[in-house]
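Residues per chain are reported as follows:
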Amino acid sequence: MDRTTHFSVALTNYGHKVALLLTTAEKPVVFSQMGKNVLRPTLPEELTDILQETQCHSATPIVRVSPVTSSVTAPTSPSTGSPSRGLSTRESCIIVSLLQSIIMPFPSIDEDVLIVNKLVDEGYLYKLQNEGATAEQVQLQYKRNPLENVSYVIFEYTNLCGFHCHHCHNSRTKKTTVTNLNPLLRSVDVLVQIGVNHFAFIGGEVDQFGDGWLNLTRHIASHREKEGDIPVSVVTSGWFLEQTNFLAAGVTYPDVPSFLRDMKANGVTHIRFSLDSHIPEEHDQNREHPGLFAKVMRGMSLVRECGLEARVSVLVPPNGMRNMHYLAFLLSCAEKMYDFPPDASAEDKLVLLADDKMNMLNNFIDIGSGATENCTMNSIRPFDLLKIPPEQLYCKGFFRPAPTLTIKANGEISLCRVTNAGEGYGNINNHDIVYLLNHLQDSFLYKLHAEKRLHEYIKYLDTNIFGTTFTFPCAFRAVLSMIAKRVHERNIQADDLQAIQQINREVAWYSGHGSEKPEELF
């Protein structure tokens, strides 16, 4: 078979991100926010000049330059997990050419054949038969590249927790903690090379039950010399505040400062306190820990004294920014977290808090514990799920996440953190992270939402179990996605009422809408 005639090559998701990074020293010129994409970039003059001068045959490598340290970096080899040699000029030219031409014919020059085959093996390119994919199809894949806006990765290192918060999304998911660190170490090496510049640890309570998690934070910190600043944050309830001689992730600490300084020494930069209400009594009632709110507010200063940054993850009340008591609470948080000049206005302080991406202002979602009768936090007027226009049901987060991607404690890549609704894109314990990143489009959930077909599965939802109202659209989308995924995987037909009932009971248990755990889940 004449491979020049019958085969072409195109960029993978992973290769596309590397190509974007190769096009500029500081920020990829085709990057944009919220799903908008400029497919063919105008290459920076300095790169264009290099390509013209070398005519893509020089041995001088073109590599990415870190904007902070000006050190050169090269992608990690997906096949070996060890740092690869830098991309040669010829390799860079092939990748950049693909950014401009969508599909490139398989080369006929022996040297280029070897280069392309190597780039295919390393996950940058993939081969396609000419009759198997049109330029328009590949162009659509580039436009939908799920990695384009990902710059922030969440590690759910454990979902074990000592609290029983009334709104917890994970209250009914299977409890697990990472035991094999190697796939996560490998994932970090790959993710930093495609522009991820923030890692967050979420649980469960990672800093209490995540044995070994500081080995991973230390590995992330080892990339800062080449990659520049990479914040590492951990979300916590503040369970450890004002304690002595306590056990945290397998280590006993004499006091809180020792614990905080150890986290800093191992690469953690931010402690993000989770707060459920601006009213102390409501927060403490939800957490079932009297006095916790006051401890957190006092603890922010101690965090800063120990060389870390304090930030918050806060639930927004129904009336949001019109609630003056809530704004006063945020203002108090800002004054504890930042150093302001004497003439800074209250508005300046609130804007800084809101604009700081290390803070999280979250909506209440009625799922998990938040959907049970015991939850007292839900005061938002529900909406009728049967009145939602079909075109509004899909969620872009399932196929164009911006800016986060989650790796869960069980190894699953998830594009939605609401209970286990976003699982289904592959598991790093079973496949290499580069392979998974390059095959996100193959998942059922990706196609379901990208093709806006979620509404097709409303007929499988049992309103006798779930009712017809939800407080937040994300909850309904999550429930319907979990039902759709099970119907698809089990090949359930619309007239198989028994199987559909079983699926509804399973999903209702995980989502908090069912009070009894089905026998099949034991």
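Residues numbered from 1 in each chain as written. Predicted model: local features only at pLDDT ≥ 70, side-chain atom pairs only at ≥ 80, totals over all residues. Heavy atoms only, no water.

A.B. asks: Could you give me a rundown of unusual backbone geometry, with the residues and numbers involved?
C.D. replies: Of note, the amide linkage connecting G203 to G204 takes the cis form, showing an omega dihedral of 5°. Mapped onto the secondary structure, G204 falls in the loop between β7 (199–202) and α8 (206–209). With an omega of 0°, the peptide bond between A402 and P403 qualifies as cis. Take P403: it is sitting in the loop between β14 (383–384) and β15 (404–407). Located in the positive-phi region is E288, a residue other than glycine, with phi close to 60°. Within the fold, E288 resides in the loop between α12 (280–287) and α13 (292–305). (Helix = DSSP H or I, 4+ residues; strand = E, 2+ residues; numbered from the N terminus.)

A.B. asks: Help me get a handle on the layout of surface pockets, residues and values and all.
C.D. replies: Considered as a void within the structure, the second largest pocket measures approximately 430 Å³ in volume. Lining the second largest pocket are 21 residues, with N410, N420, E423, R486 and Y510 sitting closest to its centre. Put simply, the parts of the chain that give the lining of the second largest pocket at least two residues each are α19 (473–490) and α20 (497–511). Here the lining of the second largest pocket takes 6 residues from α19, the largest share from any one element. Split into classes, the residues belonging to the lining of the second largest pocket amount to 5 nonpolar, 7 polar and 9 charged. (1 Å grid on protein atoms, 1.4 Å probe; cavity = no way out; pocket = protein on both sides within 12 Å on 5 of 7 lines; lining within 4 Å. Points joined across faces, edges and corners; volume = space filled by probe spheres on them. Nonpolar A, V, L, I, M, F, W, Y, C, P; charged D, E, K, R; others polar.)

A.B. asks: Let's hear about the nonpolar core: which residues, and what values?
C.D. replies: Residues F155, F199, F201, W213 and M300 are the most contacted members of the largest nonpolar core, which totals 134 residues. Top element by residues in this core is α19. It accounts for 9 residues. By size, the runner-up hydrophobic cluster in this structure holds 5 residues, among which are Y152, I154, A200 and I202. (Core = buried A, V, L, I, M, F, W, Y, C linked by side-chain atoms within 4.5 Å. Buried < 20%, exposed > 50% of the residue type's maximum accessible area, 1.4 Å probe, protein only.)

A.B. asks: Explain the sheet that holds strand β1 (residues 7–11) to me, using residue names and the numbers behind them.
C.D. replies: Strand order across the open sheet formed by 3 strands is β4-β1-β5, with antiparallel pairing between neighbours. The sheet is open, and its two edges are formed by β4 (104–105) and β5 (125–129), each paired on a single side. When β1 meets β4, the two strands line up antiparallel, connected through 2 bridges. In the sheet register, V9 faces β4, and the bridge partner there is M104. (Pairing = 2+ DSSP bridges.)

A.B. asks: Describe the packing of aromatic side chains, with residues and values.
C.D. replies: Within this structure, the stated rule accounts for 18 aromatic pairs. The interplanar angle of 90° and the centroid separation of 5.7 Å between the aromatic rings of W239 and F240 together place this pair among those described as edge-to-face. Take W239 and F240: they sit in the same class, and that class is buried. Judged by centre distance (4.9 Å) and plane angle (50°), the ring pair of Y253 and F259 falls under tilted. (Phe/Tyr/Trp six-rings, centres within 6.5 Å; stacked < 30°, edge-to-face > 60°.)

A.B. asks: Quick rundown of the sheet that holds β7? Include the residues and the values.
C.D. replies: Across the sheet, which stays open at both edges, the 9 strands sit in the order β13-β12-β11-β8-β7-β6-β15-β16-β17 with mixed pairing between neighbours. One side of each edge strand has no neighbouring strand; the edge strands of this open sheet are β13 (360–362) and β17 (423–427). Within this sheet the neighbouring strands show an average axis-to-axis angle of 25°, counted without direction. Pairing analysis gives 4 bridges linking strand β8 (residues 232–236) to strand β11 (residues 270–275), with the strands arranged parallel. (Axes fitted to C-alpha atoms, helices over the stretch in contact; angles between N-to-C directions.)

A.B. asks: Give me helix α14 (residues 324–337): which residues, what numbers.
C.D. replies: Three- or four-residue spacings in an α-helix give side chains the same orientation, since the helix completes a turn every 3.6 residues. Spanning 14 residues, α14 covers 20 Å between terminal C-alpha atoms, matching the ideal 20 Å at 1.5 Å per step. Taken together, the buried positions of α14 are Y326, L327, F329, L330, L331, C333, A334 and M337. Contacts from the buried residues of α14 go to β11, α13, β12 (309–315), α15 (346–355) and β13. Where α14 starts, the residue carrying a side-chain oxygen 3.0 Å from the main-chain nitrogen of H325 turns out to be N323. (Expected span 1.5 Å × (residues − 1). Contact = heavy atoms within 4.5 Å. Polar contact = N/O pair within 3.5 Å; in protein donor to acceptor, adjacent residues only side chain to side chain.)

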